[in-house]
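Coordinate inspection notes
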Amino acid sequence: MRPAAPAIDPHAEIRADGQLVAGAGRTSDEWVMQLSGRRVAATESASMLLAMLHHVASGFEARGQAVRLIYSTALREAATREADAEGRTLEQHLQMLEDERKERLERPAQTDGADDVA
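Throughout what follows, the structure given in this document is the object of discussion. (Residues numbered from 1 in each chain as written. Predicted model: local features only at pLDDT ≥ 70, side-chain atom pairs only at ≥ 80, totals over all residues. Heavy atoms only, no water.)

The sheet built from five strands is open, its strands ordered β4-β3-β2-β1-β5 with antiparallel pairing. Among the strands making up the open sheet, the edge pair consists of β4 (38–43) and β5 (67–71). For this sheet, the mean angle separating the axes of adjacent strands, direction not counted, is 20°. Here strand β2 (residues 19–26) runs beside strand β3 (residues 31–35); their pairing, made up of five bridges, is antiparallel. The residue bridging G25 from the neighbouring strand is V32, located in β3. (Pairing = 2+ DSSP bridges. Helix = DSSP H or I, 4+ residues; strand = E, 2+ residues; numbered from the N terminus. Axes fitted to C-alpha atoms, helices over the stretch in contact; angles between N-to-C directions.)

As structure tokens, this is what we get:
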């Protein structure tokens with residue numbers, strides 16, 4: 001029997017054309033994101049989670065869907081603290097994370113067999 005999954009305290013959701021398509025929350029030790037009910041990412045960083053949520057939301061918007069991303073004050077405040085620690089506003093920090101994601105996608109394929117996940 002598998003151990004029970006840790007409880008997730010909900011902190012964010014994305015709705016596209018009114019339908020819930022993604023959610024995010026906090027376990028006792030990490031932030032997690034789900035797409036279509038499946039856990040797809042986990043991180044200790046609130047700002048990374050928020051950047052991933054913005055990226056997913058922009059993908060739905062690019063397909064012409066009406067998108068609504070809402071998130072908790074606790075998630076925003078945790079992400080803002082991380083940005084402050086780096087000397088950035090939250091908006092600057094999220095843009096830096098998005099720029100890093102794009103740079104990873106533009107790099108040539110690795111020859112050592114390592115995979116780079118976007």
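After that view, the rundown keeps rolling.
A grouping of D99, E100, E103 and E106 is seen on the molecular surface, where their side chains present a negatively charged patch. Considering the arrangement of structural elements, one finds E100 in helix α3 (residues 90–106). Among the residues examined, E100 registers a relative accessible area of 34% and is labelled partly exposed. (Patch = residues over 30% accessible without salt bridge, like charges linked within 9 Å, V, L, I, M, F, W, Y side chains within 5 Å. Areas by Shrake-Rupley, 256 points an atom, 1.4 Å probe, with all protein chains shown as cover. Salt bridge = Lys/Arg side-chain N within 4 Å of Asp/Glu carboxyl O. Lys, Arg positive; Asp, Glu negative; His and termini not counted. Charge placed at Lys NZ, Arg CZ, Asp CG, Glu CD. Buried < 20%, exposed > 50% of the residue type's maximum accessible area, 1.4 Å probe, protein only.)

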